[in-house]
Amino acid sequence: MKKPAQKLICTLLACLPVTLLAESALPQNLEQIVALQRRADTLAYGSIGADNYHLAKARIWLDLATSEYHQTDTSGVLPAAITQAETLITSLENRTAIHEDMLTNFPGSEKVRTDLWDKVATIKGQGSYTCGQRPLAEAEVQLVWAGHEKIESGWNHAEPYAKIADDSIKEAQAAIDICNGKATVTAKPVVAPVVTPIVETSKNTHRVIEKITLSADTLFDFDKTSLTRYSKSKLDDLMRNLAHVTSLDSVSLVGHSDRLRNDGKLERNQKLSEKRAQRIKEYLISKGMPSNMISAQGVGSQQPVVECSSTQSKAEQVVCLQPNRRVEITLRGVR
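Everything numeric in this text was worked out from a predicted model, so none of it was measured.

## Details of the overall build of the protein
Working step 1: Tallying secondary structure elements over the protein gives 11 helices and 5 strands in all.
Working step 2: Classification of the 335 residues of the protein by burial places 44% in the buried group.
Working step 3: Taking the contacts inside the protein whose residues are at least 6 apart along the sequence as the reference set, 73% of them involve residues at least 24 apart.
Working step 4: Summing over all exposed atoms, the protein offers an accessible surface of approximately 17400 Å²; the carbon and sulfur share of this is 52%.

## Observations concerning helix H10 (residues 267–286)
Working step 1: The first and last C-alpha atoms of H10 sit 29 Å apart over 20 residues, in line with the 28 Å expected at 1.5 Å per residue.
Working step 2: Note on H10: the residue one or two positions beyond its end, Gly288, has a positive phi of about 115 degrees.

## A closer look at the nonpolar core
When a protein is soluble and globular, its nonpolar side chains tend to lie buried together.
Working step 1: With 47 residues, the main nonpolar core has Ile33, Trp61, Leu64 and Ile89 as its most contacted residues.
Working step 2: Broken down by element, the residue count for this core peaks at 10 residues, all from helix H3 (residues 53–70).

## Focus on the pattern of salt bridges
Working step 1: Here the structure, examined in full by the defined rule, presents 12 salt bridges.
Working step 2: One salt bridge in this structure joins Glu171 and Arg134, with 2.7 Å as the shortest N-O distance. Taken together, the positions of Glu171 in helix H7 (residues 155–179) and Arg134 in helix H6 (residues 133–153) put the pair 37 residues apart, joining distant regions of the chain. Grouping residues by exposure puts Glu171 and Arg134 together as buried.
Working step 3: Arg326 is the partner of Glu328 in a salt bridge, and the nearest nitrogen-oxygen pair spans 3.1 Å.
Working step 4: Taking the relative accessible area as the measure of exposure, Glu328 reaches 26% and is therefore partly exposed.
Working step 5: Members of the salt-bridge network, linked through shared partners, are Asp51, Arg134, Glu138 and Glu171.

## What to know about the confidence of the model for the protein
Working step 1: On average, residues of the protein carry a pLDDT of 79, and 79% of them reach 70 or more.
Working step 2: Across residues 1–22, confidence stays below pLDDT 50; counting only partners more than four residues off in sequence or on other chains, it has 3 contacts.
Working step 3: Confidence over residues 187–204 falls short of pLDDT 50; this stretch has 36 contacts with residues more than four positions distant or in other chains.

Thresholds, definitions, all that
- Residues numbered from 1 in each chain as written.
- Predicted model: local features only at pLDDT ≥ 70, side-chain atom pairs only at ≥ 80, totals over all residues.
- Heavy atoms only, no water.
- Helix = DSSP H or I, 4+ residues; strand = E, 2+ residues; numbered from the N terminus.
- Buried < 20%, exposed > 50% of the residue type's maximum accessible area, 1.4 Å probe, protein only.
- Contact = heavy atoms within 4.5 Å.
- Areas by Shrake-Rupley, 256 points an atom, 1.4 Å probe, with all protein chains shown as cover.
- Expected span 1.5 Å × (residues − 1).
- Core = buried A, V, L, I, M, F, W, Y, C linked by side-chain atoms within 4.5 Å.
- Salt bridge = Lys/Arg side-chain N within 4 Å of Asp/Glu carboxyl O.
- pLDDT = per-residue confidence, 0-100.

Okay, here's the thing in structure tokens:
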């Protein structure tokens, strides 16, 4: 019989190849993620559209996978998220039937916020949620993400993801109510945040301006200026995409807020938008972007993209005004 010390050594040696195997698979995981992101972008800009329920879910799965790749995750949630995204994207490409499930039993995650899962089930049980597809899909994956964070780091780390899910559910329900005539908002048409390339043609090259709109609700916690872990993965994606730009001339950041304030002091929204834009600037500089190339400013609630009736409840206004809480990033350079 082996002595206890010998057993311990054998156990450690037996576990070592498993850990190394998981870590050695990570570069391949990144290649899969990048390839799937390109396929998802093709669908988003094609006939499927970015608001499609299944495509929105695939893209947020890839966001989760990207984040966990950079955390060197070995819990199983990384490959599972990639598999989910690949299955959805392939089915959309081939136009085959997609089986929906509630994802409440997911590798590397646990079920949290049962009340929110119940709300998702209620909306999906209505049978028609055409107008709320994107936020509903994002809510489901964010709840899985919250469950993963709960296991990894406790509820304090999980709560921001649950909040994003809660906000997304409200957004989905509000969109459904508006489409069904149960609620009315006065707003300009708003679509999901997308990258919109505007190409200026010159004699020798193509000058490219890319305008990217990111929701402040996913970048920051409510009324806060600290970047969430989720937002850092989005900004890391931006930095990786810039590697494909031949020459980058400048990057400008503009923070926007909504008109709501519990204390009625709108000037604080101005300062909040400024600090958020500055925080993103600092993060991008920390990732290698030259400081003299990037500018940041905040405009508060002066440039809304939607207008919502003040006769609505406060909760309805928060949901309705969500598109106004944003950060606009403008890139100028040569593709």
